[in-house]
Amino acid sequence: MTEPVSLSFASFDAEALAQAEGRIALLVEAEGRLGAEARRIDALTRKAVSRLLASPGWAKAKVGEATLLSFPAGLTAEGLVVVKVPKKPTEAEARKAGGAIARMRGKGPLTVVAGTFARPEDLAMAIGLRAYDFAEHKTAPREEGGHVTVLVADPEAVRSRAAPFEAVASGVVLARDLVSEPANVLTTTEFARRLEALRETGLEVEVLEEEELERQGMRLLLAVGQGSESPSKVVVMRWNGGGEEKPFALVGKGVVFDTGGISMKPAAGMEDMTMDMGGAAVVAGVMQTLALRRAHANVVGLVGLVENMPSGNATRPGDVVRSMKGDTVEIINTDAEGRLVLADLLWYAQERFQPTGIINLATLTGAIIVALGHENAGVFSNDEALADALLAAARTEGESAWRMPMGEAYDAMLKSRIADMKNVGGRDGGSITAAQFIKRFIKDGTPWCHIDIAGVASVKSDTTLAPKGATGWGVMALNRLIADRYEAKA
Ligand code: BES
Ligand code: MN
Ligand code: ZN
């Protein structure tokens, strides 16, 4: 488990700041007027700050950008990071500034002079998230980043507001850790064990084993896992912080490794399929966040944990399997396995919990990467209000998402000669036919969104709030959606 960056809030003390080791970060409003603390630092550094502000480089710098002044005169610190911030920052702007500071934080301690900056909690959370480092499997002793101290006008007040932000950050870190783990470590059994450990937060956690899944008739899900030595599992996590109302459901694809099965993937890049449980990781992260911040909502999280392997016992292309719902599926391509897992899992979720709405997350298709690259998750929905709320929550949190179309003509591409449907619709519109397949397992009248996170769950270059690798995309957006849409009354 990756430890969060150690971070505290304190009040400004000019003497102490002059002696501070490591680096100091100073927030300066885009309009360029220096606050009282900044003026003190300007005086200590013999006008280094005001000279920077008068430079053409500063004029050109965008909001959220940082400049490093090395070995500033008058300070013990070896670097002064000056960050341009807007006067009234949005969440996303405050986090962008935090991300920029984290990138320039150096190896020692960091002191952030935030003064009267309006969103110090967002800033601190962003520093923590951007400094994430998955070092679990590095033998060399870990290079610890130093302690981060954020200097604010009223540390007591900020501290008491910071708790829910810490809950969010820890959910994101959990999701990233799960996505980062290789598949020989994060087997279905180990995944379930880690979710059971969340009981400590107050979540109810239940693990359904193969025998029970068979009894429930989840044959599509089992068909995906039957070629693997690792047993297939479904884990149900419940947070009951609301009243008597039915829960909202979050459902995640948890393919711990996707070889493609008998329809095997090519070798190049196959190692990336260790992240094919990204949907399940986000569901786990959100559930942990809800529990840690004692959310006033009823939410159930379900994940389908399977491994897609070829073997003498694996599902063959052309096999016909009956779903829990009762419809038969011709499995044309064993590499289109995520939708099979989700079909049974979604049906189970609806039968058992009658949720007020459902969001499922899955690293479902390569085609969504062709369509949207690594910048946006793809959102498919049968409900305008839920989709709009989700997109708004994602926008606020700086997690980009884009609505994708659905329709009957796409659905018709799933017609099978010998069964009720086939599991692939051909190359064209591949993400949409995948969504249409899933939609067949959503009951009429249940608001539902499917989020295809194949392009955003793990990325090959740094982003604002994450180093390259696992992003935890969606934990923040879904936590916000639940807070805004299901807790607003509480
Ligand atoms: N897990 C993959 C999708 C994926 C691709 C996730 C790249 C992350 C990065 C999924 O199970 C898959 O293999 N989809 C196939 C579907 C096809 C066989 C219809 C694909 O996208 O090629
Ligand atoms: Mn696949
Ligand atoms: Zn997959």
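Residues numbered from 1 in each chain as written. Chains lettered and ligands numbered in written order. Predicted model: local features only at pLDDT ≥ 70, side-chain atom pairs only at ≥ 80, totals over all residues. Heavy atoms only, no water.

Participant: Would you explain the domain arrangement of the protein chain in this entry?
Facilitator: Where interface size is given, it is often the accessible area lost as the parts come together that is meant. Splitting the protein chain by domain gives domain 1 (7-153) and domain 2 (169-486). Each of domain 1 and domain 2 was reduced to a C-alpha centroid, and the two centroids are 38 Å apart. The interface is formed by 14 residues belonging to domain 1 together with 19 residues belonging to domain 2. Interface area, domain 1 with domain 2, both sides summed: about 1,400 Å², of which 61% is carbon and sulfur. Three residues, Leu129, Arg130 and Tyr132, lead the burial of domain 1 against domain 2; their summed loss comes to 46% of the area buried on that side. Salt-bridge contacts for Arg130 lead to Asp462; the nearest nitrogen and oxygen are separated by 3.2 Å. (Domains from an automatic or database assignment. Contact = heavy atoms within 4.5 Å. Buried area = accessible area lost by both parts, 1.4 Å probe. Salt bridge = Lys/Arg side-chain N within 4 Å of Asp/Glu carboxyl O.)

Participant: For this particular structure, what's the right way to read the coordination of the manganese ion (ligand 2)?
Facilitator: Those donors, Asp258 (OD), Asp335 (O), Asp335 (OD) and Glu337 (OE), are the protein atoms that reach the manganese ion (ligand 2), and they lie 2.1 to 2.2 Å from it. One can describe the site at the manganese ion (ligand 2) as irregular: its six donor atoms subtend angles covering 71 to 168 degrees at the metal. Going along the chain, you hit the donors of the manganese ion (ligand 2) in the pattern D-x76-D-x1-E. Here the manganese ion (ligand 2) and the zinc ion (ligand 3) are spaced 3.2 Å apart, and both take Asp258 as a donor. (Donors = N, O, S within 2.8 Å, 3.2 Å for Na, K, Ca; no water. Tetrahedral: all angles 85-135°; square planar, octahedral: opposite > 155°, others 65-115°.)

Participant: Please explain the site of ligand 1 as it appears in this structure.
Facilitator: Taken together, 17 residues form the shell around ligand 1, and within it Lys265, Asp276, Asp335, Glu337 and Gly366 come nearest. Separating an oxygen atom of ligand 1 from a side-chain N or O atom of Asp335 is a distance of 2.8 Å. In this structure, Thr363 approaches ligand 1 through a main-chain N or O atom, which is 3.4 Å from a nitrogen atom. If ligand 1 stood free it would expose 520 Å²; the protein chains cover 78% of that surface. Split by residue class, the shell around ligand 1 holds six nonpolar, four polar and seven charged. (Near = heavy atom within 4 Å. Polar contact = N/O pair within 3.5 Å; in protein donor to acceptor, adjacent residues only side chain to side chain. Areas by Shrake-Rupley, 256 points an atom, 1.4 Å probe, with all protein chains shown as cover. Nonpolar A, V, L, I, M, F, W, Y, C, P; charged D, E, K, R; others polar.)

Participant: Whenever I open this one, the pattern of salt bridges confuses me. Can you help?
Facilitator: Should the charged atoms of two oppositely charged side chains come close, the side chains can pair. In this structure the tally under the stated criterion is 31 salt bridges. Measuring nitrogen to oxygen at the nearest pair gives 3.1 Å for the salt bridge that ties Asp272 to Lys460. Of this pair, Asp272 sits in the loop between β9 (248-258) and α11 (278-292) while Lys460 sits in the loop between β18 (458-459) and β19 (469-470), and the two are 188 residues apart along the sequence. Connected through salt bridges with shared partners, the residues Glu91, Arg95, Arg119, Asp122, Glu397 and Arg480 form a single ionic network. (Helix = DSSP H or I, 4+ residues; strand = E, 2+ residues; numbered from the N terminus.)

Participant: Looking at this structure, how should I read the sheet that holds strand β6 (residues 148-152)?
Facilitator: Whether parallel or antiparallel, the strands of a sheet pair through hydrogen bonds between backbone atoms. With respect to topology, six strands assemble into an open sheet ordered β1-β6-β5-β2-β4-β3, the strand pairing being mixed. Of all strands in the sheet, those with a lone pairing partner are β1 (7-10) and β3 (66-70), marking the two edges. Pairs of neighbouring strands in the sheet enclose a mean axial angle of 20 degrees, with direction left out of account. In the sheet, strand β2 (residues 23-29) pairs with strand β5 (residues 110-115) via four bridges, with the strands oriented parallel. Paired with Leu26 across the bridge in β5 is Val113. (Pairing = 2+ DSSP bridges. Axes fitted to C-alpha atoms, helices over the stretch in contact; angles between N-to-C directions.)

Participant: Teacher, can you tell me more about the coordination of the zinc ion (ligand 3) here?
Facilitator: By definition of the ideal shapes, a tetrahedral metal site with four donors has angles of 109.5 degrees and an octahedral site with six donors has angles of 90 or 180 degrees. Bound to the zinc ion (ligand 3) are the protein donor atoms Lys253 (NZ), Asp258 (OD), Asp276 (OD) and Glu337 (OE), situated 2.0 to 2.4 Å from the metal. Coordination at the zinc ion (ligand 3) comes from six donor atoms whose angles at the metal span 78 to 173 degrees, giving a geometry best classed as octahedral. Sequence spacing of the donors to the zinc ion (ligand 3): K-x4-D-x17-D-x60-E. Judged by relative accessible area, which is 3%, Asp258 ranks as buried. (Buried < 20%, exposed > 50% of the residue type's maximum accessible area, 1.4 Å probe, protein only.)

Participant: What is the right way to read the packing of helix α14 (residues 384-396) against helix α17 (residues 475-486) from this model?
Facilitator: How two helices pack is summed up by the angle between their axes together with the distance between the axes. Following both chains from N to C, one finds α14 and α17 inclined at 125 degrees, their axes separated by 8 Å at the closest point. When the axes of α14 and α17 are compared, the pair comes out oblique. Here the hand of the crossing between α14 and α17 comes out right-handed. Residues Ala385, Leu386, Ala389, Leu390, Ala393, Ala394 and Thr396 of α14 lie in contact with α17, whose contacting residues are Ala477, Leu478, Arg480, Leu481, Arg485 and Tyr486. Here the residues of the contact of α14 with α17 sort into ten nonpolar, one polar and two charged. (Parallel < 35°, antiparallel > 145°, perpendicular 65-115°, else oblique. Left-handed = near helix turned anticlockwise from the far one by under 90°.)

Participant: Before we go on, may I ask you to explain unusual backbone geometry in this structure?
Facilitator: Residues apart from glycine generally show negative phi values, whereas peptide bonds are mostly found in trans. At Arg46, a residue that is not glycine, the phi angle is positive and equals roughly 50 degrees. In this fold, Arg46 is placed in the loop between α2 (36-44) and α3 (48-53). The exposure class of Arg46 is exposed, given its relative accessible area of 65%. Positive phi values are uncommon outside glycine, yet Gln354 reaches one of about 40 degrees. Of note, Gln354 is situated in the loop between α12 (338-353) and β13 (358-362).

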